[in-house]
Number of protein chains: 2
Amino acid sequence: MFKTKCLVTVLALTGSMSVMAQALPTKAPAPADNPTTKEKVELGKMLYHDPRLSSSGTVSCASCHNTMLGGDDNRGGSVGVGGQVGGRSAPTVWNAAFNKVQFWDGRAASLEEQAAGPVTNPIEMGMKSWDDVVARLEKIDGYQKAFSKVFGKDSISKDNATKAIAAYERTLITPNSPYDKYVKGKKSAMTAQQVRGMKKAVELGCTGCHSGPAFNGAGTFQKFPTIKNGYFEAQYDLSDDKGLAEVTGKEDDENYWKVPTLRNIALTAPYFHNGKVKTLDRAVQLMAKLQLGVDLEDNDIEDIVAFLHALTGEFPKQEMPKLPGLDDKTFN
Amino acid sequence: MFKTKCLVTVLALTGSMSVMAQALPTKAPAPADNPTTKEKVELGKMLYHDPRLSSSGTVSCASCHNTMLGGDDNRGGSVGVGGQVGGRSAPTVWNAAFNKVQFWDGRAASLEEQAAGPVTNPIEMGMKSWDDVVARLEKIDGYQKAFSKVFGKDSISKDNATKAIAAYERTLITPNSPYDKYVKGKKSAMTAQQVRGMKKAVELGCTGCHSGPAFNGAGTFQKFPTIKNGYFEAQYDLSDDKGLAEVTGKEDDENYWKVPTLRNIALTAPYFHNGKVKTLDRAVQLMAKLQLGVDLEDNDIEDIVAFLHALTGEFPKQEMPKLPGLDDKTFN
C-alpha cells in the first residue's frame, strides 16, 4: 500500500485561508466502470438498508452507518451480529464518496471495495461468504428484477451488489453548510466565533492534514498520536490499535490512520478510531496536544468547536426503500 | 383481562362471503385523547426509527417491526440489545392500528400502551426505565423542539412519546390489495385460484376467527393449538408458550392468543407466535389440522396460499426521518 503522509509542519507554516476555501461539491465522481444511474442508486439503497445481508438478518449497512443520524451510529465500537462489539468506531458514510481511501486504516481503495468488507466480517454482518449472500439475493424475486434492470439478466453478484451500494453512497452528500455558504461569499453564514475558530484552525495547522473541501486530506495518512503522551494514552488507549500497520505489517506504519473528514463532525460523537473520546471539545484539545504539540486555551477550543459546527451540511431527503419480500417463506 | 373467544364452529357453519367482504379502511380511528396530527406523526416516526431509545443505541422499534420489509423482521425470535433473542416472533406493525389488542397475548389495550413495552424490556430495547428514556430525549435539542410543537413546552414524557409513536403507527396502513380491489367490484383483481382459495377459507371456517377487514377477529382470542397433535408439537413446540395465561395466570387461558391479522402475511414468514413454521403452505396446513381438525388436500392448501397472497397491500411511500443530533457529544 502506497502511503502519502501529510506534511503538517510545512503546511502549518504556509497555512492560509486559500488552503480551506473550497465548498463541498454537490456531485461525487464515479469510476469509469461504475457510472451512477438512478436505477443503480435505487438498488444500492435497497441493499444498503437490507438486514438480510447479515447472517442473523438483523444488521444492515445502515445499522452502523445510519443516514437518519450523522451517517454513523454514535457509538464507540459498533455492534454487529450476535451483539458483538467491534474495536473501531464506524466512520460516517456522508461524503465518504470524497475519501480517496476507505476504512480507518485506508485498506480499501474505493467505495466498491469497502462495501464488500463488513458483509463477511464475522463480528459485523457475519455472512460466511459472498456466495452465500448472492444465493440469498437470488431467492428474492424483487432483487432478481432490480439487478436485471441495472446490470442485465442473471447478474446478481458480489461485484454488482457492491457497485450498486457504492453508487448509492456517492449520492450521500451534504452541501450548503454554513461554511460552504461562507466560502461562496455569504459572509453572514458563519458567526464571528466560527470565523475566529476557522482562522485559528488554519493558523495551528489543522488544515495541513484536514485539507480539501471534505477536510479529509485527499487520501493522506497521519500518525496518531504523533506526540506521545502517557496521561492521555492511559485515559483513551489511543496507541493500542496499530492502524495501518495491522494491514501492512510494517513497523513504520504503526499508528498511522487515514485522515478522516471533518464534515458533520458535530453529529458523529464519540471521536477517534476507537470512539473513546466522547465530546468534540475534548477531541479538539487532544488533536492540538498530540498532533501539533499545542496546549490550547479554552476560548480557542470553543472557537474551533464553533467552527466545526459550521461544517454540518444539509441532508438530502430520502424515500425509504421498499425491500423486496422473500415470498411466504424464510431463508432456511 | 376480558377475553372474547371466537366462535369457530358457529361461524364455520354460517360462513358466507358476506363475512369477508370488507375492504381495508384507509384511515384508522384514533382515541379521543390522542388525535392524529401531521406533526405528531412526524415526531412518532422519528422516535420509531431512533435506536437511541435502546440501552445500546442499536435497537429501534423499526429494528424488529421494519416498515421497509413486511412490518416485521422475518425472524423466528426477534433480536434485542446485546444480541439477545426473544421467544416470540415480532408481529407486523402494518395495519396494527386495526388490532383491538396488541402483542401476541393481547396484553396491551392500545397502540400507545404497546409502544411503552419493548423500550424497557431487558431483552428488547433494554432501557432501565422510561425516566432514563425521557432524560436522554431531553438532552437532544431537536426532540425538545419537536415535542414542544406537538404537546407544548417541556412536554417530553413517556405518555407523549408513546402517543406520538402510536399516531405514526396509525398511518401504517396497506390498502388496495388484490382482495380489496376484488371486494370493491374489480373481479379481475384476483385470479381464479385466489377466488377458489378465498371460498375454501370461508367454507372451512378460517374466517370464523380471522374476521373483519383486517382478518384479525376484532380483538378475539383463540386457543392454539385447539386440537392436540403430538407430531406437530414435537416439530414446532406450539404449546410450550402459554400465551394469555402467562399474563393472567389462569389455567383457562393457557395457549390462548390474540387472533393475528392475515394482511400481508405472504411477507411475514416465519409463522405463528414462536416463528417456528417457515413457510406459508405449512402454516395453512397446520391451522386446518390443529384448529379445525381438517386434513387439507395439497390443491386446497395451494389455493388458500394463493388467496393469502391477495392480501398483500400497497405500502405508502415514506420519507426517512432525520433524527436530531445530540450535538457533539455522547450520552455518557
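Please read these numbers as outputs of a predicted model, since none were measured by experiment. (Residues numbered from 1 in each chain as written. Chains lettered and ligands numbered in written order. Predicted model: local features only at pLDDT ≥ 70, side-chain atom pairs only at ≥ 80, totals over all residues. Heavy atoms only, no water.)

(A) Here's a closer look at unusual backbone geometry. The omega torsion of the bond from F224(B) to P225(B) falls at -5°, within 30 degrees of zero and hence cis. Structurally, P225(B) is set in the loop between strand 2 (220–223) and helix 12 (230–236). Residue P270(B) is reached from A269(B) by a cis peptide bond, and omega for that bond is -5°. Mapped onto the elements of the fold, P270(B) is located in the loop between strand 3 (256–258) and helix 14 (280–292). Of note, the phi angle at F103(A) is positive, near 70°, even though the residue is not glycine. Here F103(A) lies in the loop between helix 4 (61–64) and helix 5 (111–120). Here the phi dihedral of D328(B) falls at roughly 60°; this positive angle occurs in a residue that is not glycine. (Helix = DSSP H or I, 4+ residues; strand = E, 2+ residues; numbered from the N terminus.)

(B) How the structure looks around the side chain of K258(A). Examined against the element boundaries, K258(A) turns out to sit in strand 3 (residues 256–258). Apart from the residues within four sequence positions on either side, K258(A) is in contact with N99(A), V101(A), Q102(A), F103(A), W104(A), G106(A), T220(A) and F221(A). (Contact = heavy atoms within 4.5 Å.)

(C) Main features of the relation of the copies chain A and chain B. By a simple turn and slide, chain A fits onto chain B: the slide is 0.0 Å along the axis, the RMSD is 0.0 Å, and the turn is 180°. One copy is carried onto the other by what is essentially a two-fold rotation axis. The share of interface residues of chain A whose copies in chain B are also at the interface is 100%, consistent with both copies meeting through the same surface. (Least-squares fit on C-alpha atoms with pLDDT ≥ 70 in both.)

(D) Main features of the packing of helix 5 of chain A against helix 8 (residues 158–169) of chain A. Residue and element names in this part refer to chain A. Packing of helix 5 against helix 8 brings their axes to within 8 Å, and their N-to-C directions diverge by 115°. Viewed along their axes, helix 5 and helix 8 adopt a mutual orientation that is roughly perpendicular. Pair helix 5 / helix 8 crosses with right-handed handedness. Mapping the contact onto sequence places L111, E112, Q114, A115 and A116 in helix 5 and K158, T162, K163, I165, A166 and E169 in helix 8. For the contact of helix 5 with helix 8, the per-class residue count stands at five nonpolar, two polar and four charged. (Axes fitted to C-alpha atoms, helices over the stretch in contact; angles between N-to-C directions. Parallel < 35°, antiparallel > 145°, perpendicular 65-115°, else oblique. Left-handed = near helix turned anticlockwise from the far one by under 90°. Nonpolar A, V, L, I, M, F, W, Y, C, P; charged D, E, K, R; others polar.)

These figures come from the coordinates and say nothing about function on their own.
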